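This is what each chain is made of:
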Amino acid sequence: MATTKSKGADISTPPKAQTSDDAHGYYDPASAPLIDAKEPTGPIAERWTQRKMDNRLVNPANRRKLDIIIVGTGLAGGAAAATLGEAGYNVKSFCYQDSPRRAHSIAAQGGINASKNYKEDGDSTYRLFYDTVKGGDYRSRESNVYRLAEVSTNIIDQCVAQGVPFAREYGGLLDNRSFGGVQVSRTFYARGQTGQQLLLGAYSALERQVAAGTVSTYTRHEMLELVMVDGKARGIIARDMVTGEIETHLADVVVLASGGYGNVFYLSTNAMGCNVTATWRAHRKGALMANPCYTQIHPTCIPVSGEHQSKLTLMSESLRNDGRIWVPKSQEDCDKDPRDIPEEDRDYYLERIYPAFGNLVPRDIASRQAKNMCDEGRGVGPMVGDFRRGVYLDFADAIARLGKDGIQEKYDNLFDMYERITGEDPYEVPMRIYPAVHYVMGGLWVDYNLQSNIEGLFVTGEANFSDHGANRLGASALMQGLADGYFVLPNTIRDYLADAPFDKIDESHPAVVQARASVEERINTFLSIKGTRSADSYHKELGHIMWEFCGMERSEPGLRKAIDMIRELKREFWSNLKVLGTADSLNQSLEKAGRVADFIELGELMCIDALNRRESCGGHFRAESQTDEGEALRHDDEFAYVAAWEFGGEDGQPTLHKEELTYTAIEMKQRSYK
């Protein structure tokens, strides 16, 4: 039996063989459980404090001798680079955008959660913890989630000190609003630009360290390989996207903060450049990929309008505070102007089905019910294919209650964006919305210290799996990114760096040479295929497969079919890809080829993960597993675990490692928002 050990995890890999546990025949099971060796014990409210005390220190003089690479400059990466630079480490910060402040965190709209209890409505650290675990359908780690809730209040203080212009009440106090899955107001916001304002705060802190000389930024650089020496992460191979030059960058530790992989579905709310390559390259080097099938379907997006689209647009979940969601009761009314449909002929279905939470149910439930309404033939808007893919989000009652000025003060930039895209005035007619892929809860496996099973490789923000379970509550993404960057990673990475000094390596080291050669060989392969299809065409086909068979609803026959289709697509890709241009200059066709190749491999693993998880949980509805009322039905006796996948090689099968989930501070039970 081959065994791989690190300070953050203990994984055992058995010989490649079929067993009775391997029912599907698509993967190999590990013989021993995956253990997070860094997870604290004891009372949950004391675990993070104890971990900070247990983690070793690095004195200021030694910090100046240590090099850290951080890939990604969103909230997690930008905050980490600023904080570690401030601490005195030598930081190299990489992003593929032309500026760190163009990272995708800028697109987040609605807000950031924190348990300040400013509204005196019963909020607390424990309630934020409870809501997050429940919202994730009891598939997240309780220690990580409690830590997230605990540090949430510090984030707000940090950002206010940076000058982030949070909305304020008349008396000057910070304002709050509600998001889905909760019954308190804990979401801090800056109109519909919260992500942008928070990122500007992190960017200003980062630029301060650039000026101080502790941080060096490398824009328009894409990580294409992880450098490993003696089983430890020691650097990256990156491509200068402007000149085409392949560069080697070495360090004592590598941090991936490269975001999520929602663009595997082709159509998503993510920026077009968002990709999985940084984390997938690490996965192929041995980093475990955890819960890859857990993707967030956001209920409040502008619907698909046709085959021409390459991106979808998010409308903030905050709109559900005042907007009411409905569809006509009768299919015959779906063609009508919504203003001509009387109140008694409207079905406010979320308020009807879930009276306790109404329009503020969690995202997965709101998304699934919108799909159900459209599947029944009661969708609204233009026909796209065989369906009308839309439901109404109506502000008529809110405008009557608050006045148009009151709605403008809260949401005007969102209303303006909707009108510019659709040509419809949401002050006059209801918005049309439909679910779309938005965020991923899966990512590289990390221990409590945010270290992957590869020593020296840390993963933060959306790039790791750790905090959200099977569904993310709204306004929690910004919370996790800043918590990891400002408060968690700086406290945990020092425990690893306390073992320094590490052996010095240079570009002549055989492992470094091999990593660089593999990148150059891959690029040359893309350019030499000289087929007939673009990378974009393969990406679009993959997206159709993923949405149809591994989207909001999955089934065993559908997932098996999807795996076969993706494998055939992969064979076609590597034999018929057409990449224009050369490797030694700006070449977006080449960039896309590498990203799509990784998406195809990821898509197959996502379907295998979904096939293994024979339960419905969060937004992941297995047709074979539902209650009599059509709600998601978990199977805690079989699937209360993190599924962490080990790369199986080019032609091998992935190995499934299971980290069991245990709850000591919260009761695991069937979710209800009724």
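Throughout this document, residue positions are counted from 1 along each chain, in the order its sequence is written. It should be noted that, the model being predicted, local features are given only for residues of pLDDT at least 70 and side-chain atom pairs only at 80 or more, the latter also being counted only at that level, while totals for whole chains, interfaces and linings use all residues. Hydrogens and waters are ignored; side-chain quantities use all the structure's heavy atoms.

## Side note on the pattern of salt bridges
A side chain with one charge can pair with a side chain of the opposite charge if their charged atoms come near. Throughout this description, the term salt bridge denotes a Lys or Arg side-chain nitrogen within 4 Å of a carboxyl oxygen of Asp or Glu. Applying the stated rule across the entire model yields 57 salt bridges. When the shortest N-O distance is used, the salt bridge between Arg-56 and Asp-495 registers 3.2 Å. Taken together, the residues span a long stretch of sequence, with Arg-56 in the loop between α1 (47-54) and α2 (60-63) and Asp-495 in helix α11 (residues 477-497) at a distance of 439 residues. One salt bridge in this structure joins Asp-347 and Arg-352, with 2.9 Å as the shortest N-O distance. The numbering of helices and of strands both runs from the N terminus, where a helix is a DSSP run of H or I of at least 4 residues and a strand a run of E of at least 2.

## Examining the packing of helix α14 (residues 556-576) against helix α15 (residues 588-612)
Throughout, an axis means a line fitted to C-alpha atoms (over the contacting stretch in the case of helices), and angles, computed between N-to-C directions, take values from 0 to 180 degrees. Remark: α14 packs on α15, axes separated minimally by 9 Å, with the N-to-C direction vectors making an angle of 160°. Considering their axes alone, α14 and α15 lie roughly antiparallel with respect to each other. At the point where α14 passes α15, the crossing takes the left-handed sense. When α14 is examined against α15, the residues Glu-556, Leu-559, Arg-560, Ala-562, Ile-563, Ile-566, Arg-567, Leu-569, Lys-570, Phe-573 and Trp-574 are found in contact with a partner set consisting of Ala-593, Val-596, Ala-597, Ile-600, Glu-601, Gly-603, Glu-604, Cys-607, Ile-608, Ala-610 and Leu-611. Its residues assigned to classes, the contact of α14 with α15 comprises 15 nonpolar, one polar and six charged. Note on terminology: angles under 35 degrees are roughly parallel, angles over 145 are roughly antiparallel, angles of 65 to 115 are roughly perpendicular, and the others are oblique. Here is the rule for handedness: rotate from the far helix to the near one, and if that takes an anticlockwise turn smaller than a right angle the crossing is left-handed, while a clockwise turn gives right-handed. In what follows, residue pairs with any heavy atoms lying within 4.5 Å of each other are defined as contacts. Throughout, the ten residues Ala, Val, Leu, Ile, Met, Phe, Trp, Tyr, Cys and Pro are labelled nonpolar, Asp, Glu, Lys and Arg are labelled charged, and all others, Gly among them, are labelled polar.

## Concerning the packing of aromatic side chains
Classification of ring pairs uses Phe, Tyr and Trp, with its six-membered ring standing for Trp, and accepts pairs whose centres are within 6.5 Å; under 30 degrees between planes counts as stacked, over 60 as edge-to-face, and the remaining range as tilted. Scanning the entire structure with this criterion turns up 23 aromatic pairs. Look at Phe-639 and Tyr-641: their rings are 6.0 Å apart centre to centre, the planes differ by 45°, and that puts the pair in the tilted class. For every residue, the accessible area obtained with a 1.4 Å probe (protein chains only) is divided by the maximum for its type, and the residue is called buried under 20%, exposed over 50%, and partly exposed between those limits. For Phe-639, a relative accessible area of 2% translates into the label buried. Chaining the aromatic ring pairs together yields one cluster made of Phe-395, Tyr-411, Phe-415 and Tyr-427.

## Details of the sheet that holds strand β10 (residues 221-229)
The strand order across the open sheet formed by three strands is β10-β11-β12, and the pairing between neighbours is antiparallel. Two strands close off the open sheet at either side, each with one partner strand: β10 and β12 (246-250). Averaged over all adjacent pairs, the angle separating strand axes in this sheet is 25°, with direction ignored. For two strands to be treated as a pair, DSSP must find at least two bridges joining them. In this sheet, β12 lies alongside strand β11 (residues 232-240) in antiparallel orientation, the contact comprising five bridges. Residue Ile-236 lies in a different strand from β12, and its bridge partner there is His-249. The sheet strands contacting helix α12 (residues 510-529) are β10, β11 and β12, and the helix crosses β10 at an angle near 140°.

## Section: the domain arrangement of the chain
Interface size, as often reported, equals the accessible area lost upon joining of the parts. Its domain assignment divides the chain into domain 1 (63-295 + 440-497), domain 2 (298-438) and domain 3 (510-648). An automatic or database domain assignment supplies the start and end points of every domain. Centre-to-centre, using C-alpha coordinates, domain 2 lies 31 Å away from domain 3. In this assembly, 11 residues from domain 2 lie in contact with 10 residues from domain 3. Once two parts are put together, the accessible area they lose, assessed with a 1.4 Å probe and summed over both, is termed the buried area. Looking at the side of domain 2 facing domain 3, the largest losses of area belong to Glu-307, Arg-368 and Lys-371, adding up to 54% of the total buried there. Linking domain 2 with domain 3 are one salt bridge. Close ionic contact of Arg-368 with Glu-631 constitutes a salt bridge, the shortest N to O distance being 3.6 Å. For the purposes of these results, a polar contact is taken to be a pair of N or O atoms within 3.5 Å, where, inside protein, one atom must be able to donate a hydrogen and its partner to accept one; residues adjacent in sequence count only when each atom of the pair is a side-chain atom. Counting the contacts that link domain 2 with domain 3 gives one residue pair in polar contact (both at pLDDT 80 or more). Ranked by the residues each element gives to the side of domain 2 that touches domain 3, the list is headed by helix α9 (residues 363-375), at five residues.

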